[in-house]
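This is what each chain is made of:
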Amino acid sequence: VAAFEKGWTPATLIMDVPIEFPDGYKPTNYDEKFRGPVLLREALGSSYNIPAVKTLQYVGLPAFLETAQRLGIHSLNRPDDYGLSLALGAGDVTLLELTSAYAVFANGGRRVPPVAVLRILDNDGQVIEQYHPAEGQQVISPQHAYLITDILSDNEARTPAFGPNSVLKLSRPAAVKTGISDGWRDNWTIGYTPDLVAGAWVGNSDNTPMALISAVAGAGPIWHNFMEEALAGTPPREFIRAGGIETIEICADSGTIPSQV
């Protein structure tokens, strides 16, 4: 989102190649492979690490943290302790915060704070208090929210990393993202449909590393099965496209408009 606000698009080209930053930091991809030039759409959909770090380098830590705050992530409150590895899980956040942040995308850029109590009943079943959802605050543009949704619901964009029929694919339109923090301690899958947002976390309660369990093998199946069961009685719905977004044919190799030759 921070990169979109600075002018990038899903067709922005990022070089997925070995890199060492001035402080000696050398990020690697999950599979330790490099794919050369990749479009932002594939890089995000397939969870490539090096493009993620380069994106954070482009937007800068202050802009990244400010965007996270707007989305409701307040746990990242030690800016002097973070570096580019923050793009790959070097900062702690809660499952509630992260899932709530993804709800902003599902809500078209509006943030509605999460609540735990929806209503209170007396002994006779009469309502004493009823929660009425607020309209929410527009914290990112509807267009940028939709672009994130469009990428994360694009099964073709994640196929290079996860295959065409992974647990990230539901029987209805759904946007989803996986993640693993440094040291294999946290394993995430967060995703949403137009009707429901859910997050799954897998890890050891004593914070010891897991045995190299990927998110697709860990949190992914939990998220998938929960979403399918929870939405079983709900008709599938397509995500609503925000106005003001143009669809343009591009060159898949360069991300630019095709030449006439």
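See the structure above.
These notes cover the structure that comes with them.

So, how was this worked out
- Residues numbered from 1 in each chain as written.
- Predicted model: local features only at pLDDT ≥ 70, side-chain atom pairs only at ≥ 80, totals over all residues.
- Heavy atoms only, no water.
- Helix = DSSP H or I, 4+ residues; strand = E, 2+ residues; numbered from the N terminus.
- Rg over C-alpha atoms; globule rule 2.2 N^0.38 Å.
- Buried < 20%, exposed > 50% of the residue type's maximum accessible area, 1.4 Å probe, protein only.
- Contact = heavy atoms within 4.5 Å.
- Areas by Shrake-Rupley, 256 points an atom, 1.4 Å probe, with all protein chains shown as cover.

**A few points about the overall build of the protein chain**
Next, step 1: Looking only at helices and strands, the protein chain has eight helices and nine strands in total.
Next, step 2: Relative to the globule expectation of 18 Å for 261 residues, the C-alpha radius of gyration of the protein chain, 19 Å, shows essentially globular dimensions.
Next, step 3: If you line up the protein chain on its principal axes, its C-alpha atoms span 70 × 50 × 35 Å.
Next, step 4: The 261 residues of the protein chain split such that 39% are buried.
Next, step 5: Of all intrachain contacts in the protein chain linking residues separated by at least 6 positions in sequence, the fraction that spans at least 24 positions is 63%.
Next, step 6: Here the protein chain displays about 14300 Å² of accessible surface, and carbon together with sulfur accounts for 54% of that area.

**Some thoughts on the environment of Leu56**
Next, step 1: Mapped onto the secondary structure, Leu56 falls in helix H3 (residues 49-59).
Next, step 2: For the pair Leu56 and Leu95, spaced 39 residues apart in the sequence, the C-alpha separation amounts to 22 Å.
Next, step 3: Sequence-distant contacts of Leu56, defined by excluding residues within four places in its chain, comprise Leu61, Phe64, Gly83, Leu84, Leu86 and Ala87.

Don't take any of this as a statement about function, it's just geometry.
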